[in-house]
2 protein chains.
Amino acid sequence: MGAALALSERGRGRTFPNPNVGCVIVKDDRVVGRGWTQPGGRPHAEGMALLEAGDAARGATAFVTLEPCAHPSPRGPACAPSLAEAGIKRVVAALGDPDPRTCGRGFHALRSAGVVVIEDVCADDARRAMAGFLTRQHFGRPHVTLKLAVSLDGCIALANGESRWITGEAARAHVHVERARHDAILVGRGTFEADAPKLDVRLAGLEERSPLRVLLSTQSRHPREGGGPSPALTHLREDEQMDSRLRGNDEWVLINTLDKIATLPANHILVEGGAQTAASFLKADLVDRLVLYTAPILIGGKPALDDLGLTELSLAHGRWDLTESRMLGVDRLQVYERTACLPA
Amino acid sequence: MGAALALSERGRGRTFPNPNVGCVIVKDDRVVGRGWTQPGGRPHAEGMALLEAGDAARGATAFVTLEPCAHPSPRGPACAPSLAEAGIKRVVAALGDPDPRTCGRGFHALRSAGVVVIEDVCADDARRAMAGFLTRQHFGRPHVTLKLAVSLDGCIALANGESRWITGEAARAHVHVERARHDAILVGRGTFEADAPKLDVRLAGLEERSPLRVLLSTQSRHPREGGGPSPALTHLREDEQMDSRLRGNDEWVLINTLDKIATLPANHILVEGGAQTAASFLKADLVDRLVLYTAPILIGGKPALDDLGLTELSLAHGRWDLTESRMLGVDRLQVYERTACLPA
């Protein structure tokens, strides 16, 4: 299942509206097929693994990170019957699929066809790997990661605005890995106008994974209108017109309220700044995961967050679980997840 | 030497104007004497260890964290001749004493009396243990630790001023251990007036180690004059009148400029707040050690530091070395030391 979960990561950030599933088919202790959900959601992981396995699927075990789908679609066959027809004799699955079109029907179809089904293997890891799809299913919106890169005293820039760089090269490279794992990146108007960020993935081999760029702006005025240096973008489209073809172009999607994130073609979105945007997501309780890079410097400059409007400190406690902590050069990476982020 | 260094910690925060030295006397693989500098600086560690060892000192090895003193004083005998007279045949020392009255004369006196001297054993650890005395010798001022207890976004209070509590019980208990290791604790006027902190050591068995309390205030007006709730203190004395008897009383020492810290009867001082005071010490490059407690909360409130006035980020980098990092409950403790804090 570890291998299937690793494969599922290959699809992360590119499978909307489908989950990023991983699948490994094993026969006689040898891996005969591997698959992961392809960009745009098709083919499914199981289809890809079955294609690779060919006749070797007969009598084999399939490890899948999510319950195989039971509903046929114009875009491709349903996986549960495909697995059974290919002669898979056992399916080991991490999670049931909450999608109402499957939701137990996949397992039922397999068992009805005589396939042995084992459920709930590495379920927590699978929940984390497919957090975006699950958040969509449960809350009708993408999974939101907030990235903050701060000094020890929680600043994101000097008082004079200088922000390059707070963190070192290793931490900045890690940000690019995070970007590649998200369907969309969002910044607020202040960051957009001050930094004209490219927000692309500048890592060899991952350039084509640059996510959709989203600008959150509650102002009606067109950004940059009437002056200022022109950023490297051609134009902004209203969200009604957005399209996954926008990825990799110099185009941005504009949304004017937080709840519009639900309309983005994205399972996972990364909020990159600045202080006002970060605070607005936190105030709306829309942050599921926090990726914090802390540099060993003190600057006494611009705070990472605008006022969250808390009236007592007890409201701030108990909301974040530390799930990862390590050094990236001299900087510390800490990842926090919202306490009880998803229903178990 | 590890045992001698551990003993030296017992004196830390109470030996001004003397260094906090530790001494262990070993004969035939058995510890026959242990000593550490007593409150106020006398007796010295070596005298205490020799007293315990008695006749067993003859032919024994003494491990000392600092070169034994060579200068007789009205307050007690010089340690180098005492060790030789007691029959110690070998002295293992961590550091030479930079005090110009000793500075090599201690080792010379021992060798002249036929004692074998081994120098430079665990020198870095000894430099850290006696940082206060060494900072006094080299820079004519106490060693300064800045304590900050912050949220992940670097805040020390909500926007409405509430600051109890950012960190949990384990971190707050650790603050009391830090207090016990310092001769004096300093706060600024804002913290003094807002919180009326007791700044004592509230740990069983360590109550009598409560340090001298110091208020840094550049205003001529007497704090609390003309209104506001009265804090639990009797009065403030000008620094000219201060006295180590003030420890443990409800009295405070008032200083009106940063450079007056040199006049405090202290080897180690702990700066506890607030944002303006912390920033003024950092701007004056007077912070040798940073003790940072970080709670896993986000608040968007009052920043830990006022503007440090940096004109470029490169000036902030490379100034702090991480020397300790661990969890205290859900909070993280990190200790940083100023890069090249003391001459080697």
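Starting afresh in each chain, residues are numbered from 1 along the sequence in its written order. To label them, take the chains in the order written and letter them from A, then take the ligands in the order written and number them from 1. Only residues with pLDDT of at least 70 are given local features in this predicted model, and only at 80 or more are side-chain atom pairs given and counted; all residues enter the totals for whole chains, interfaces and linings. Only hydrogens and water are set aside; all other atoms, that is, all heavy atoms of the structure, feed into the side-chain values.

Participant: Help me understand the overall build of chain A, please; the structure alone is not making it clear to me.
Facilitator: Tallying secondary structure elements over chain A gives nine helices and 16 strands in all. Sequence separation of 24 or more characterises 73% of the internal contacts of chain A that already satisfy a separation of 6 or more. Exposure was quantified through the Shrake-Rupley algorithm and a 1.4 Å probe, taking into account, for residues, occlusion by the shown protein chains and nothing else. Accessible area for chain A stands at about 14,300 Å²; split by element, carbon and sulfur atoms hold 51% of it. Only DSSP runs of H or I reaching four residues or more are called helices, and only runs of E reaching two or more are called strands; each is numbered from the N terminus. What makes two residues a contact is simply this: any of their non-hydrogen atoms within 4.5 Å.

Participant: Honestly, the sheet that holds strand E1 (residues 22–27) of chain A in this entry has me stumped. Any pointers?
Facilitator: Within a sheet, each strand pairs with its neighbour through backbone hydrogen bonds, oriented either parallel or antiparallel. Residues and elements named next belong to chain A. Strand order in this open sheet of five strands is E2-E1-E3-E4-E5, and the pairing throughout is mixed. On the outer flanks of this sheet lie strand E2 (30–36) and strand E5 (116–118), each paired with one strand and no other. Recorded for the sheet is a direction-independent mean angle of 15° between the axes of neighbouring strands. To get an axis, fit a line to the C-alpha atoms, keeping to the stretch in contact for a helix; angles then go from 0 to 180 degrees between the N-to-C directions. Along the sheet, helix H1 (residues 2–11) makes contact with E1, E2 and strand E3 (61–64), crossing E1 at roughly 145°. The strands that helix H2 (residues 45–53) touches are E1, E2 and E3; relative to E2, the one it contacts most, it runs at about 145°. Pairing between two strands is assigned when DSSP locates at least 2 bridges connecting them.

Participant: Before we go on, may I ask you to explain the interface of chain A and chain B in this structure?
Facilitator: The interface of chain A with chain B comprises 39 residues on the first partner and 39 residues on the second. Accessible area that two parts lose when put together, evaluated with a 1.4 Å probe and summed over both, is termed the buried area. If you sort the residues of chain A by the area they bury against chain B, A:Leu152, A:Leu298 and A:Leu313 come out on top, with a joint share of 22%. The working definition used for a salt bridge is a side-chain nitrogen of Lys or Arg within 4 Å of a carboxyl oxygen of Asp or Glu. Here chain A is connected to chain B by zero salt bridges. Any pair of N or O atoms that falls within 3.5 Å is considered a polar contact. Within protein, one atom must be able to donate a hydrogen and the other to accept it, and sequence-neighbouring residues count only if both atoms are side-chain atoms. Counting the contacts that link chain A with chain B gives nine residue pairs in polar contact (both at pLDDT 80 or more). Of all elements in the fold, only strand E13 (289–295), strand E15 (320–328) and strand E16 (331–338) of chain A reach the threshold of two or more residues within the side of chain A that touches chain B. It is E15(A) that contributes the most residues to the side of chain A that touches chain B, four residues altogether. Of the residues assigned to the side of chain A that touches chain B, the class counts are 24 nonpolar, eight polar and seven charged. Following the grouping adopted for this structure description, the nonpolar residues are Ala, Val, Leu, Ile, Met, Phe, Trp, Tyr, Cys and Pro, the charged ones are Asp, Glu, Lys and Arg, and the polar ones are all others, Gly among them.

Participant: How should I be thinking about the relation of the copies chain A and chain B in this particular structure?
Facilitator: Here the second copy of the chain follows from the first by a rotation about an axis and a shift along it. Superposing copies: least-squares fit, C-alpha atoms only, residues required to have pLDDT of at least 70 in both. Mapping chain A onto chain B leaves a residual RMSD of 0.0 Å; the transformation is a rotation of 180° accompanied by 0.0 Å of translation along its axis. Both chain copies can therefore be described as sitting about a two-fold axis. Within chain A, the C-alpha atom positioned nearest to the axis of rotation is that of A:Gly154, 1.9 Å from it. The share of interface residues of chain A whose copies in chain B are also at the interface is 100%, consistent with both copies meeting through the same surface.

Participant: It is not clear to me how the pattern of salt bridges should be interpreted in this structure. Could you clarify?
Facilitator: Think of it this way: side chains of opposite charge can pair up when their charged atoms draw near. Under the definition given, this model contains 32 salt bridges over all chains. A salt bridge links B:Arg12 to B:Glu9; the shortest N-O distance between them is 3.6 Å. Each of A:Glu9, A:Arg12, A:Glu178, A:Arg181 and A:Arg289 takes part in salt bridges that share partners, so that together they form one network.

Participant: I keep staring at the packing of aromatic side chains and nothing clicks. Help me out?
Facilitator: The way to describe two aromatic rings as a pair is by their centre distance and the angle between their planes. Residues and elements named next belong to chain A. Paired rings are identified among Phe, Tyr and Trp, the last through its six-membered ring, by centres lying within 6.5 Å, and are further divided according to the angle between planes into stacked (under 30 degrees), edge-to-face (over 60) and tilted (the rest). For the structure on display, the rule yields two aromatic pairs over all chains. Ring geometry for phenylalanine 192 and tryptophan 252: centres 4.7 Å apart, planes at 80°, overall edge-to-face. Of this pair, phenylalanine 192 sits in helix H8 (residues 189–195) while tryptophan 252 sits in strand E11 (residues 252–255), and the two are 60 residues apart along the sequence. Considered together, phenylalanine 192 and tryptophan 252 belong to a single accessibility category, that of buried residues. Burial classes: relative accessible area under 20% of the type maximum marks a residue as buried, over 50% as exposed, and values in between as partly exposed (1.4 Å probe, protein chains only).

Participant: Looking at this structure, I do not really get the confidence of the model for chain A. What am I missing?
Facilitator: Low-pLDDT stretches of the model should not have their predicted coordinates read in fine detail. Residues and elements named next belong to chain A. The pLDDT score gives, residue by residue, the confidence of the prediction method on a 0 to 100 scale. Here chain A averages 88 in pLDDT, while 89% of its residues score no lower than 70. Low pLDDT (under 50) marks residues 226–235, which in the prediction has 12 contacts with non-local residues, meaning those over four places away or in another chain. pLDDT under 50 marks residues 239–245. Its contacts with residues more than four places away, or in other chains, come to 10 contacts. The ipTM value of the predicted complex is 0.86, and its pTM value is 0.88.

Participant: Would you take a moment to explain empty space enclosed by the protein for this structure?
Facilitator: Only protein atoms enter the 1 Å grid used here. Points where a 1.4 Å probe fits but cannot escape make up a cavity, open sets with protein on both sides within 12 Å along at least five of seven lines make up a pocket, and a residue lines them when an atom lies within 4 Å of a point. Grid points are joined across faces, edges and corners, and a volume is the space filled by probe spheres set on the points. Applying the stated criterion across every chain yields a total of three cavities of 30 Å³ or more. A volume near 90 Å³ is recorded for the largest cavity. For the lining of the largest cavity, the secondary-structure elements that each account for two or more residues are strand E6 (143–151) and E13 of chain A together with strand E13 (289–295) and strand E16 (331–338) of chain B. Classifying every residue of the lining of the largest cavity gives five nonpolar, five polar and one charged.

Participant: Looking at this model, I keep getting lost on the state of the cysteines. Mind explaining?
Facilitator: The bond known as a disulfide is covalent and runs between the sulfur atoms of two cysteines. Disulfides are defined in this document as cysteine sulfur pairs within 2.5 Å. Taken as a whole, this structure holds zero disulfides over all chains when the rule is applied. The thiol of A:Cys23 is not disulfide-bonded; the next cysteine sulfur, from A:Cys79, is found 8.3 Å away. The class of A:Cys23 is buried, set by a relative accessible area of 0%. Just so you know, B:Cys79 is unpaired, no disulfide at all, and the nearest cysteine sulfur is the one on B:Cys69, 3.8 Å from it.

Participant: In this structure, what is going on with the side chain of B:Asp331? I would like to understand it.
Facilitator: All names here are of chain B. By the secondary structure assignment, aspartate 331 is in strand E16. Under the convention used here, Asp and Glu are negative, Lys and Arg are positive, and both His and the chain ends fall outside the count. One buried charged residue, aspartate 331, remains without a salt bridge, the closest side chain of opposite sign being arginine 172 at 7.0 Å. A polar contact is formed between the side chain of aspartate 331 and the backbone nitrogen of glycine 168, at a distance of 2.6 Å. Those residues in contact with aspartate 331 that sit more than four places away from it in its chain are Thr167, Gly168, Ala171, Thr294, Ala295, Pro296 and Arg326.

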